[in-house]
Amino acid sequence: MGSIAIIGAGNVGQAIAGHMSLQGHDVRLFDRWGHDLEPIKANGGGIDLVGEVEGHGKPAVLTTDLKEAVDGAQAVIVAAPAFAHAFISNELAAVLEPSQLVLIQPGVLGSGVELARMFALAGRKRCLIAETPTSLYTCRLRKPAHVYIGAIKNSVPLAAVPSTDTPEALAILGTYFGERYVSGKDALAVGLFNCNPIYHVPPAVLNFKTVEDSDRRPQHTLVTPRIAEVIDALDRERLSLAHALGVEATSFWDFLASAYDVTEGTLVERIVQGYGRQSFPEPDSVNHRYFTEDVPFGLVVWSSLAAQIGLSMPLTDSFIALSNTLCGRDFVAEGRTAESLGLLGSHVGSIRAAFIDGSVY
């Protein structure tokens, strides 16, 4: 059995904490403000899981003290929204030791680079850093301290920064998650594998009345044949960025095949097969993570890195502009950019070095 700290007590954090507790690991669950810990304490100190995993998992530690959570933990899993990554990375860089592993799960393009940069700015030797493009768990809180796990994905790619550390990270995580994490080559390839903005943003923006009306219809029911074509076109822009940066990225449709065994049917039928069984609702407000996370930490960082190398991404930029207006926000100012990663004015070689070798900082 191992010792694992979970940073973030939302959907994914509680799913992991509950599951790992059921498997007998020493689990510490951290929540910055403590609000999400109170229902767990009231539930006998545990988390009820239904769906793919059934049971009542009780973490050993529930805490708002980051140092208490990570002290001595072999693995530290960051399961927090992308907009919290910069803060968490800054805090972790001050307390983690080189022997520990941090897995940002899920990360977004640049999460590992950002954490490596925080260690450098703190003047400390970095720990082992790894990230994935999507969560291993497809899950939702049905009510406080009660998590529905719709699926545990068959395989999720993972990469370390630098990429030479990936085998070590996989070996450590095998203690907890078996062989479900697989080598994703490098952090640039893994970051560009993130398909969440591809599936989340177009249906939400193109069906915005249902957002304003808080209809909470299942997201997959909003995908018409023409919207599926928009999803495909947006995905092709992501793939063009990957190609320009020398990365062999997986298409959204190949992701559905690897994660959910969906290989046949029209584009709409594949989406229904992949996501229909979960029936997770569409955004019900402009503060939903499909806007506040997938735009500033998905589309924006793609667009910003593309701009550094002179690549045009007109559909991506259009969804950013529409989302800004619809939500009354400036997602570029709020999001992750080449500048915030220390990569402003970079060329292909320096971008690749930051993600693959961790050599910029």
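Residues numbered from 1 in each chain as written. Predicted model: local features only at pLDDT ≥ 70, side-chain atom pairs only at ≥ 80, totals over all residues. Heavy atoms only, no water.

A.B. asks: So what's going on with the packing of aromatic side chains? Residues and values would help.
C.D. replies: Taken as a whole and judged by the stated rule, the model has ten aromatic pairs. The positively charged end of Arg32 is found above the aromatic ring belonging to Phe87, 3.7 Å away from the centroid. The side chain of Arg142 reaches across the aromatic face of Tyr148, ending 4.2 Å from its centre. (Phe/Tyr/Trp six-rings, centres within 6.5 Å; stacked < 30°, edge-to-face > 60°. Lys NZ or Arg CZ within 6 Å of the ring centre and 35° of its normal.)

A.B. asks: Tell me about the sheet that holds strand E4 (residues 55-57), and name the residues and values.
C.D. replies: Strand pairs in the sheet, formed through backbone hydrogen bonds, run parallel or antiparallel to each other. The strand order across the open sheet formed by four strands is E4-E3-E10-E9, and the pairing between neighbours is mixed. Two strands lie at the open edges of the sheet, namely E4 and strand E9 (137-143), each paired on one side alone. Taken over all neighbouring pairs, the strand axes of this sheet differ in orientation by 30° on average, direction set aside. Each of strand E3 (47-51), E4, E9 and strand E10 (146-152) touches helix H1 (residues 11-22); the most contacted strand, E9, lies at about 100° to it. (Pairing = 2+ DSSP bridges. Helix = DSSP H or I, 4+ residues; strand = E, 2+ residues; numbered from the N terminus. Axes fitted to C-alpha atoms, helices over the stretch in contact; angles between N-to-C directions. Contact = heavy atoms within 4.5 Å.)

A.B. asks: Can you lay out the side chain of His85 for me, pointing to particular residues and giving the numbers?
C.D. replies: Tracing the sequence through the fold places His85 in helix H4 (residues 85-92). Once residues within four sequence positions are removed from consideration, His85 is found in contact with Val78, Ala80, Ile104, Pro106, Gly107, Val108, Ser111, Glu114 and Arg336.

A.B. asks: I'd like a description of unusual backbone geometry, backed by residues and values.
C.D. replies: Glycine aside, a negative phi is what most residues show, and trans is what most peptide bonds show. Cis geometry marks the peptide bond from Gln105 to Pro106, where omega comes out at 5°. Residue placement: Pro106 occurs in the loop between strand E7 (101-104) and helix H5 (111-122). One non-glycine residue, Ala145, lies in the positive phi region at around 70°. When you line up the elements, Ala145 lands in the loop between E9 and E10. Although it is not a glycine, Asp261 sits at a positive phi angle of roughly 60°. For Asp261, a relative accessible area of 56% puts it in the exposed group. (Buried < 20%, exposed > 50% of the residue type's maximum accessible area, 1.4 Å probe, protein only.)

A.B. asks: Before we move on, can you summarise the nonpolar core with the specific residues and values?
C.D. replies: In terms of nonpolar packing, the biggest core is built from 55 residues, with Leu192, Phe252, Phe255, Leu256, Ile271, Trp302 and Phe355 touching the most fellow members. Here this core gets seven residues from one element, more than from any other, and that element is helix H14 (residues 295-308). Beyond its immediate chain neighbours, meaning those up to four positions away, Leu256 contacts Asp261, Val262, Arg270, Ile271 and Tyr275. Within the second largest apolar cluster, 38 residues are counted, among which are Val12, Ile16, Leu103 and Cys139. (Core = buried A, V, L, I, M, F, W, Y, C linked by side-chain atoms within 4.5 Å.)

A.B. asks: Got a sec to walk through the sheet that holds strand E11 (residues 156-160)? Specific residues and values, please.
C.D. replies: With mixed pairing, the eight strands of this open sheet are ordered in space as E5-E2-E1-E6-E7-E8-E11-E12. Each edge of the sheet is formed by a strand with only one pairing partner; in this case those strands are strand E5 (61-63) and strand E12 (181-183). Sheet twist, expressed as the average angle between the axes of neighbouring strands with direction ignored, equals 25°. When strand E1 (residues 3-7) meets strand E2 (residues 26-30), the two strands line up parallel, connected through five bridges. Paired with Ile6 across the two strands is Leu29, which belongs to E2. Sitting on the sheet, H4 is in contact with E1, strand E6 (75-78) and E7, with an inclination near 160° to E6. Contacting E7 and strand E8 (128-131), H5 crosses the sheet at an angle of about 160° to E8.

A.B. asks: Report on the pattern of salt bridges, specifying residues and quantitative values.
C.D. replies: A complete count under the given rule lists nine salt bridges for this structure. The salt bridge involving Arg28 is made with Asp26; its shortest N-O contact spans 3.0 Å. Residue class for Asp26 comes out partly exposed when judged on its relative accessible area of 29%. Salt-bridge contacts for Asp235 lead to Arg238; the nearest nitrogen and oxygen are separated by 2.5 Å. Pair noted here: Asp235 and Arg238 are both in helix H10 (residues 225-244), with a separation of three residues, about one helical turn. The exposure class of Arg238 is buried, given its relative accessible area of 0%. (Salt bridge = Lys/Arg side-chain N within 4 Å of Asp/Glu carboxyl O.)

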